[in-house]
Every structure is written in C-alpha cells, then in structure tokens.
Amino acid sequence: MKPKILTSLRTLLPVLMGISLFGLGVYALNHVMHSVDPVQVMAQIKAAAPLSLFLAAIATAIAYAALVGYDALALRFIGKSVPLPVVALGGFLGYAFGNTIGVSVISGGAVRYRIYSAYGLDAFEVASVSGYIAAAIGTGLTLIGLAALSLHPDVIPQISALSPQVIRFGALAILGALSGVILFVSVKRHQLQIWRFTLQMPAPRSLAAQLAMTFVDVVAAAFALWILMPVGTPDLTSFIAIYAIAMMVGVLSHVPGGIGVFETIIIGTLPPSVHASDAAAALVLFRIIYYLLPFALGFVLVSLNEARLASGVIGRRLGGVPAASRPVVEALHGLAPTLASLVSFGLGVYMLMVSLIPSVRSSAVNDGELVAALVIEGGTLLSAMIGVVLIVLSHGLARQIKAAFYMTLVALGIGALAAIMNDFSLEAAGILVAGCALLLPFGAGFTRQAKLTEGIFSPLWFAIVFGVAIAALGFFFFLHRATPYSNDLWTVIAHGANTPRALRAGLLASALLLTFTIYIALRPVSRKSVSATEPGSLESVAAILSRWPVPHGCLAFSGDKQFVFSDTRKSFLMYGRQGARFVAYGDPIGEPAEFADLCWTFVDLARRASCKAVFYEVGNLNLPLFVGLGFGLHKVGEEAVIRLQEFNLSGASFKSMRAAHNKREREGLSMTIAAPPHSDALLSEVRAISTLWLGGKAGREKGFSVGRFDADYLNRFPIALVRRGGRILAFANILAPADGSRVAIDLMRYLPDEASGMMEYLFLSLIEHYRSLGATELSLGMAPLAGLSSRSVERMWSRFGRFIYRHGGGFYNFEGLRAFKQKFRPDWRPCYIAVPPGLSPTRAMAQVALLIAGGPKGLIGK
C-alpha cells in the first residue's frame, strides 16, 4: 500500500507545486493590484491607440524571429541540416504554442519533434534541440538581467529591503563569475558538471550569436510592452532593464509563464504617478499580443493546413500539397486533435469569464427593462453552461473522439448566441464563430467512436479544472468587490443587477462541474482486455499477423501476454503487467488508422486499474502517436536489421567472415529449416540443447520481449537446425509472419562446447537462405542500451544507460553484443520506451526488467 501512496504523491507533487507557485504568483499580483479598478482597466484596453497596438505587434514579430534563431543555432550545434523555412515554421509554432500553453503534448519540444522528425531527426536529437534552447534562453536572460540590475540597481529596492549598492555589487559579482565560467568552458571546449547535468558550451562564435539573439528578443519584447504603457513610464532604456529583470526573476521563480511575478515587478517598479489600473491594462494587452496573438496565428496555420489536406472547397482553392512540403503538412496534421482540445478548453474558460463580467450596455427603456433583464440573465447562465461544456468536451477532443468534435462545433454556435444575449457582446460572439470556423477543417483528425466519458480523467485534468474554478472565483471577487454581500443578491433580477447575475452563473457552472465529477467517479468500469487463454484470442492474433509481416507480433503466442483488440479485430496491442505498470510490447499491429484508438484504450485500461501505461521497444514509425498521448520518449537500444537484398558476402569487408563460414562447411556443418509442426523427437532433441545452454546462464529463462522454450510456442514457427553428421548442435526459431518478407531470429541456442563461431555461422546461413527466398529484412534483435546519446544536453536516463552499457558486463555483455552484430553491417534502428508524465524511465525500465525476468528471482535465480 505504501509504494502506491508514494507513487501517487510523486505523480501529484509536480502538479501541486505548479498550482501552488501559480497561486503565489496570483497572490503577489493581487497584492500589487489592490487599487486597480476593473472597469477602468477594461476602458483603457478598449481605448488603446491603434498605432501602439500595431507597433507592439511588429515588435512581437521581431522577438519571435529572434527566438527562431535559437532553433537554427541548436540544429547547427548538433550537426543537423534542416531547410530554413522548416526551421522557421518549427521554431515559430514551438514558441507560439509552448510559450502560451506549455503542456507536454503540445510543448515546444513536442511540436518540434513532429516537424523536425519529418526531416530525419530522431527523438533524442529533437530533445537535444529543446535542451539547447532552454539552456540558451535561461543563460541569456540571466546574464542580461544581471547586467541590467547592475546598471539600474534602484529598481529592486522598491520591492526589496536591500540597498542599491548591495544589489549592484551582488549583480556584478554573480555576472562576472558566470561570464568567466561560460567563456572558459566555451573557449577551452570543456564540459561543465552541475549536479546531475553535464553541459558543454557552444563555440565562442555561436555563443556570441546566442547572446545576440537573446538581446534582440529582450529589447523587442520590452518595446512591445513599453509602447503600450501609460504616460509616466520610465524611458525605453530604463524600461528594458526593468523588463529584463522581471523576465529573469519570472524564469527563476518557476511560476508557470511568470504570471504574477512578472506583473508584480513591472508594476512595483513604476513611479507613483503611473496609476496601477493603466499599467494593468497595458500588461493585459501585452499578454494578448505577445502570447495569444502568436498562438492564434499558429492555430490559423494549422487550420489552413488541415483544410489543404481535406478535399473540400477550401482544399481545392488552396491547391494540392507539393511533394517538398508534404512532410511538414503531414507533421502538422498530427497536432490537430491536441490543438483543438486546447482551443476548446481556452474558449470554455473564456465563456466562464464572460459570464462574470458586468453588463456595461446602457439601460433599456422602461417598457423593455424586464425583457432585457431576462434576456441578459439567460445569456449569462447559458454562457456559463457552454463554458463548462467546452471544458468537458476538450478531454474528448484530446482523445480524438468524433462525437466530441461535432458537439464542440454545436456548443460554439450556441455560445455565440449566448454571447449576443449576454449584453449583446459581439466581440465574444465573433471569437466563438471564428473558433468554430477554424475548427471545421479539423474533422479528419477525429475518428474514434468511443464514449465521451470513456477512461478516467487524470488527476492533472481535475487539478487544471480546479485551478480554473479558483481563478474564476478570484476573477469574480476582483470584478465585484465593491458590492457588499447579502442573501438578497441571489434573487435580484434586473438589467443592472450584475453581481447577482454573476453569482448565479458561477453557481450553475460549479454545479455542472460537480455533477460531472460525481458521475465520472461513480460510473461502472468496463474492461476491454483479453487474455491469451480466452477462446478466439490467439486465432484473432494469427488472422492479423497473416496480413501484416511484423515479426515481433509473433511473440503474442508466448503465453505471457494479454491483448487489446480494435473494434474491428483487425489490429491488436499486446501487453503484460508488472506491479503498477501495464507494459505494452512494441508498436500496435494491424491497420495503422486504428493505432491511436488502440493506444488510448490501453492507457484507459491502465488508469482504471490504478496503474500507468508504458510502451516498450517502440520504433520510429509511430513516435508521433506517443507524443500525442503526452508520453516522454527515451531510447533503450537499437535493433539490428539486415537488408537482405542488399547484403553481399563477397565484398572485401566480409573476407574473413566468408573464409570462416566456408571452413565450417568443409568441417561438416550444415543448416536446414524444419517447417512446423515439429515431431516430438525433434523437440526432445532441441530441448536437451536448450537445457544445457540455459545451464550456463544467470537467472531463469526470460520472456515477454523474447520467446521461450515451449512445445506449443515452437510448433508455430520454422526452426533453423545446425547439424554435423546428423547431430543437432544448435537451433533457432524464426518469426516469419504473413508473406515472410520480414523475418526475425527469436530463440537461438547451442551446445556449450560448440559455442565458437556458431552464432556467426547460423546468422550467415539464415541471411543466405532468406535472401534466396526473396525476403527483404532479417532482424538480429535489439542491442539493449546501444546508441544512447552522449551530448551535453542529454537526459539522466541516457547517462545511466550508457554507463550500464559500458560497465555492466558482469550482468550482461551489452557492448559485446552490439559489436558482434555490427560485423554483419546492419541498419541500426532506434528503439524507445514511452512513459507517461511523472514516471521516471529508470523506474519504468526496472519494472520491464522484472517482467522479462518473470520476477525478482528470475534476475539471479534458476
């Protein structure tokens, strides 16, 4: 019980920390803005000068162009070349979505992966790009902020007890120390070890370009805010320093988006002559222009991309997709469901806030006062209800449920009507209609027929909704704090009764959320898993594998797995359970269009069992699918795959191997393939070899990711037999589903005294045999922990895995296995483990190891 509690706490701790930090930021902002008049803030926003808004937008464009430069520098740092337009698109969307939202499924790294992977970058290389950018921005902001603080130390004393002299001295000391270390590491090309992280600075020229990008970004963004600020704001040079300090403190505080901390410093450093309401209006406009405007532009780009892929009128007008652009277009298509979910959630929050804003329209004539009051009352309550509906539907959109998509379009249409009823708010109605129009082309991304309430909503989702509720409550008190509370407020219905109307809207929204939460908590659980012993399950697996040549799918017959089938039973996913982990082995198999639904069903299945889903040994082909689930990807090794029709043993590089192979054949070795089913005599003979082979190994026979010696299992596959004088010396079963175009070696065992050269002989014989049959690929299996990154921006798992790979020979000869397979010049294809947020890959791999070994005793005992 205690491990489960600790696991839950580890999962919830980052969420609670984020909510707590966000709350502290809001509290600090509320303290600074106690004198702010919300009516005056809204009036100032509406009265903003068009020229100021235009200049702020231009400055924002310059700042984002500088940010895109980080991507170009990061790609150069890792030695990758990507077309400049693709870098611009990937960088812009990464910052537009990541800066505004920042959730894992659509963070800057996730967006970049979808785009850059289409041009040959793997998951680790994209992670390196993201790591470089994070380090570059953090370093640049810190250095510029410290420099600004040393030039303008009088900024901080207004919000700190320290004297300007102490602040200047401290800033200069830290700035000098950091600059010295960074320059030394950059010039000398050393690595810098900071706690668990190993950093390597770029060359001096790249470092200078990096700092220049940061400077342009800071100056442009500071100007975008400064041009919106009221009269009395310090001059631009001084304000750049204030902005840089506010950004630095906001980043170091780890408050999401710096909300509260950034505004507190900006408002706290302004002279008394600047009214807080005017400054607050400028800050709201800045958040809209610098964050929401790029997000909206990115949303429009993805919507146009979806329309271009569709076959409708807009798609025909935009024309076909050029071959050069197709990788990017298809990569953006993968963002559609998650982006639609976030837009729905954002519009739902917006509708909740609209329902709380006081009516400002002039009073109706006396004869129509009651009618006007009832219309506004209905519009306010309907706005609150639609807000809750959109928030709930956002979860279904993230899960690509078709019904959620169409219900969202209907809800947006009703919301636009509610906005018009609610004080004739054309702005709100226009936003909802625009959102509905831009979502229309997204329909192709929603194919699942699941129920809207299928799957348990995650603690993170409920935490976000709780945060929205708290924010709405704070927004309500901020808007209506001048109205004293009385019980009569709940029953007053009049045109100017803004506070009572907002109270009722809030009550309705809360009641709807509470009702939905109770329904989710109490509804019955349905399960879709199928065990290997269930009648018809293995027959369904065999039918699928007869159509799809996926060798690893044959491990479904090993007897240690359960299955999740698609509704059509044309696709399946196999998994095992170890402790609190549901571990899927390999990618889904079958119809690719059904893979997303299979994975979501599997994730739901694990959640319903209070477990976490993990995908082990997945390849490159479906990585965007796991990114869409919000899972993190960590490399666990590389699969050695030989392209049979390109393999030629007659080359000079295979001279010694060819000579050894010919020598063994002269000594009487021969290889034959025995077709299934096999005789009892043959199985008895190879069983004796297997027993002797296992006798020299640590631990018991493995399973899950490899086959096991079982008569029923082996009777499904061909067995390669190596003989000398009629006596079997070694054997291997071959996984060759469907048309046999792709095959793999599974169990391979030999007599201990025949070990010398036996694997090499068997591999070469199998290569020649299946090449002659017309097969295209032969998999030699995975080399665990091979090919893990050694870059300076690598993850903790990579360093740990690489250490085991190099020094773990006492447990398993990882390095020797890869070196042996390399002799055959295979293609090395990366394999990953996909883990959900909050789960360490090291912990996940420990559970996978136990699952493969059959428990703790299987690691060391017989």
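**Observations concerning the overall build of the protein**
Here comes step 1: A tally of helices and strands in the protein yields 30 helices and 14 strands.
Here comes step 2: With 862 residues in all, the protein has 51% of them scored as buried.
Here comes step 3: In the protein, the proportion of contacts linking residues at least 24 apart, taken out of those at least 6 apart, comes to 74%.
Here comes step 4: Put simply, the protein shows about 38,400 Å² of open surface, and 65% of that area lies on carbon and sulfur atoms.

**A closer look at the environment of L850**
Here comes step 1: On the secondary structure map, L850 appears in helix α29 (residues 841-853).
Here comes step 2: Its relative accessible area of 17% is what places L850 among the buried residues.
Here comes step 3: The sequence separation of L850 and K702 amounts to 148 residues, and the corresponding C-alpha distance is 9.7 Å.

**What to know about the confidence of the model for the protein**
Here comes step 1: A residue-level look at the protein finds 71% of positions with pLDDT of 70 or above and a mean pLDDT of 77.
Here comes step 2: Strand β11 (residues 727-735) holds the highest mean pLDDT among the elements of the protein, 94, whereas helix α27 (residues 796-807) holds the lowest, 42.
Here comes step 3: Counting interchain partners and residues more than four positions distant, the pLDDT-below-50 stretch residues 790-813 has 51 contacts.

**Quick word on helix α8 (residues 204-226)**
Here comes step 1: Over its 23 residues, α8 extends 32 Å from the first C-alpha to the last, a length consistent with the 33 Å expected when each residue adds 1.5 Å.
Here comes step 2: By the burial criterion, the buried members of α8 are S206, L207, Q210, T214, D217, V218, A220, A221, A222, A224 and L225.

**Concerning unusual backbone geometry**
Here comes step 1: Here P676 and P677 are connected by a cis peptide whose omega angle stands at -5°.
Here comes step 2: Position of P677 among the secondary structure elements: in the loop between β9 (669-674) and α24 (680-695).
Here comes step 3: In this structure, A738 takes a positive phi of about 55° despite not being glycine.
Here comes step 4: With respect to the helices and strands, A738 occurs in the loop between β11 and β12 (742-750).
Here comes step 5: For A738, a relative accessible area of 33% corresponds to the partly exposed category.
Here comes step 6: Here R825, not a glycine, exhibits a phi torsion of approximately 55°, which is positive.
Here comes step 7: By the secondary structure assignment, R825 is in the loop between α28 (814-822) and β14 (827-835).

**Some remarks on the packing of aromatic side chains**
Here comes step 1: Counted according to the given criterion, the structure contains 31 aromatic pairs.
Here comes step 2: Their ring planes at 40° and their centres at 5.2 Å tell us that F77 and Y132 sit as a pair that is tilted. One end of the pair, F77, is in helix α3 (residues 50-77); the other, Y132, is in helix α6 (residues 123-151), and 55 residues separate them in sequence.
Here comes step 3: Overall, F77 belongs to the partly exposed group, its relative accessible area being 21%.
Here comes step 4: A relative accessible area of 4% means that Y132 is categorised as buried.
Here comes step 5: With 5.2 Å between their ring centres and 80° between their planes, Y290 and Y291 make a pair best called edge-to-face. Exposure class is identical for Y290 and Y291. Each is buried.

**Observations concerning the side chain of S52**
Here comes step 1: Counting through the fold element by element, S52 comes out in helix α3.
Here comes step 2: Judged by relative accessible area, which is 19%, S52 ranks as buried.
Here comes step 3: Contact partners of S52, with chain neighbours within four places excluded, come to I227 and L228.

**Quick look at the side chain of H678**
Here comes step 1: With respect to the helices, strands and loops of the structure, H678 is situated in the loop between β9 and α24.
Here comes step 2: When sequence neighbours within four positions are dropped, the list of residues in contact with H678 reads L683, L714, N715, F717, P718 and I719.

**Remarks on the pattern of salt bridges**
Here comes step 1: Per the stated rule, a full pass over the model turns up 13 salt bridges.
Here comes step 2: Salt-bridge contacts for R708 lead to D710; the nearest nitrogen and oxygen are separated by 4.0 Å.
Here comes step 3: A relative accessible area of 23% means that D710 is categorised as partly exposed.
Here comes step 4: A salt bridge links E760 to K823; the nearest nitrogen and oxygen atoms lie 2.7 Å apart. Of this pair, E760 sits in helix α26 (residues 758-772) while K823 sits in the loop between α28 and β14, and the two are 63 residues apart along the sequence.
Here comes step 5: The partly exposed category is assigned to K823, whose relative accessible area is 32%.
Here comes step 6: Each of the salt bridges in this network shares a partner with another, and the network as a whole consists of R664, E760 and K823.

**Quick word on the pairing of strand β10 (residues 719-724)**
Here comes step 1: Two strands pair when backbone bridges link them, and β9 and β10 are joined in this way by six bridges, in the antiparallel orientation. Its bridge partner being in β10, A674 is matched across the sheet by I719.
Here comes step 2: Bridge count between β10 and β11: six bridges; the pairing is antiparallel. The residue of β11 that forms the bridge with V722 is A730.
Here comes step 3: Between the antiparallel neighbours β10 and β11 lie two residues, among them G725 with a positive phi of about 60°.

**Focus on the nonpolar core**
Here comes step 1: Ranked by size, the top nonpolar core spans 137 residues in total, and within it Y116, F615 and F626 carry the most contacts.
Here comes step 2: In terms of residue count, the dominant contributor to this core is α6 (13 residues).
Here comes step 3: When near neighbours in sequence (up to four residues on either side) are disregarded, F615 contacts L573, A584, C599, F602, V603, F626, L629, F631, Y832, I833 and A834.
Here comes step 4: Listed in part, the 81 residues of the second largest apolar core include L545, A556, F563 and L735.

**Some words on the environment of L714**
Here comes step 1: For L714, the location among the structural elements is in helix α25 (residues 711-714).
Here comes step 2: Sequence-wise, L714 and H678 are 36 residues apart; in three dimensions their C-alpha atoms are separated by 8.1 Å.
Here comes step 3: Once you skip the residues sitting within four places of it in the chain, L714 turns out to touch H678, L683, F709, I719, N733 and L747.

**Here we look at a nonpolar patch on the surface**
Here comes step 1: Together, L51, F54, I58, I62, F215 and V216 make up a nonpolar patch on the protein surface, roughly 580 Å² of accessible area in all.
Here comes step 2: Residue contributions to the nonpolar patch peak at four residues, all from α3.
Here comes step 3: Structurally, the position occupied by F215 is in helix α8.

About the thresholds
All chains use their own residue numbering, which begins from 1 and follows the written sequence. Totals for whole chains, interfaces and linings use every residue, but because this is a predicted model, local features are given only for residues with pLDDT of at least 70 and side-chain atom pairs only at 80 or more, for both listing and counting. Note that the side-chain values use all heavy atoms of the structure and ignore hydrogens as well as water. Secondary structure counts use DSSP, requiring at least four H or I residues in a row for a helix and at least two E residues in a row for a strand, with both numbered from the N terminus. Here the term buried applies to any residue with accessible area under 20% of the maximum for its type, exposed to any over 50%, and partly exposed to those in between, with areas from a 1.4 Å probe on protein chains only. What makes two residues a contact is simply this: any of their non-hydrogen atoms within 4.5 Å. Computed with a 1.4 Å probe, the accessible areas rest on the Shrake-Rupley method; for each residue, only the protein chains presented here act as cover. You can read pLDDT as the predictor saying how much it trusts each residue, on a scale of 0 to 100. Working rule for helices: expected span equals 1.5 Å times residues minus one. In this analysis, rings of Phe, Tyr and Trp, with Trp reduced to its six-membered ring, are considered paired at centre separations within 6.5 Å, and the interplanar angle assigns stacked below 30 degrees, edge-to-face beyond 60, and tilted for intermediate values. Salt bridges are defined as contacts in which a side-chain nitrogen from Lys or Arg sits within 4 Å of a carboxyl oxygen from Asp or Glu. Strand pairing follows a simple DSSP-based rule, namely that at least 2 bridges must link the two strands. By convention a nonpolar core is built from buried Ala, Val, Leu, Ile, Met, Phe, Trp, Tyr and Cys residues, the set being connected through side-chain atoms within 4.5 Å. Patches here: salt-bridge-free residues with over 30% relative accessible area, like charges joined within 9 Å, nonpolar side chains (Val, Leu, Ile, Met, Phe, Trp, Tyr) joined within 5 Å.

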